[in-house]
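# Tertiary structure, described
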Amino acid sequence: MRIDISMWLIGAALLSVTACTPAQDERLKFVSGYITVHEAFWSVDHKTPYPFTTSGEISCVYYPNGVEVYFEPLGHIEDSSIGTPLNKAAAEALKRNDMKPNVPYSIKKGADLSEAIEAGLKACDEMQA
């Protein structure tokens, strides 16, 4: 009889742990990606002039409420780095979370960021697929 009670208790414990485990909400999942950029190679795939003052990475983070695109210069690509926001979603996310970029500002004055943003969005699309 003791063995049956022990098995019942183990089964009940497993059931309670399983029942209390939160389900994965698909809306909370995110995708991230990046591409390395360098002035010497930019003109191969892009029509606009290279928008940054140094080489680095254009990264993206896809959240259900928007895709954030950032630039981080080489030498400052770390988990603790907060890149320069390139699109509105990224700028709003930093503002909402009371955060500021902590990498050197590396966007050329008056630069057209449209192709850089497009490249970041494409990196997320490729990772999501």
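This text follows the structure it describes.
Summarised in this report is the structure supplied together with it. Values in this document were obtained by computation on a predicted structure and should not be read as measured data.

About the criteria used
- Residues numbered from 1 in each chain as written.
- Predicted model: local features only at pLDDT ≥ 70, side-chain atom pairs only at ≥ 80, totals over all residues.
- Heavy atoms only, no water.
- Helix = DSSP H or I, 4+ residues; strand = E, 2+ residues; numbered from the N terminus.
- Contact = heavy atoms within 4.5 Å.
- Polar contact = N/O pair within 3.5 Å; in protein donor to acceptor, adjacent residues only side chain to side chain.
- Disulfide = S-S within 2.5 Å.
- Buried < 20%, exposed > 50% of the residue type's maximum accessible area, 1.4 Å probe, protein only.

## Structural notes on the environment of Trp42
Checked against the element boundaries, Trp42 lands in helix α2 (residues 39-45). Through-space distance from the C-alpha of Trp42 to that of Ala116 is 9.8 Å; in sequence the pair is 74 residues apart. In this view, Trp42 contacts Val37, Thr48, Pro49, Tyr50, Pro51, Ile58, Glu115 and Ala116; residues no more than four positions away in its chain are not counted. From its side chain, Trp42 meets the backbone oxygen of Thr48 in a polar contact 2.9 Å long.

## Overview of the state of the cysteines
Scanning all chains against the criterion turns up 1 disulfide. A sulfur-sulfur separation of 2.2 Å characterises the disulfide bridge that pairs Cys60 with Cys124. Taking the torsion about the sulfur-sulfur bond, which here is approximately 110 degrees, the covalent link between Cys60 and Cys124 counts as right-handed. Of this pair, Cys60 sits in strand β2 (residues 56-63) while Cys124 is found in helix α4 (residues 114-128), placing the two residues 64 residues apart along the sequence. Residue class for Cys60 comes out buried when judged on its relative accessible area of 1%.

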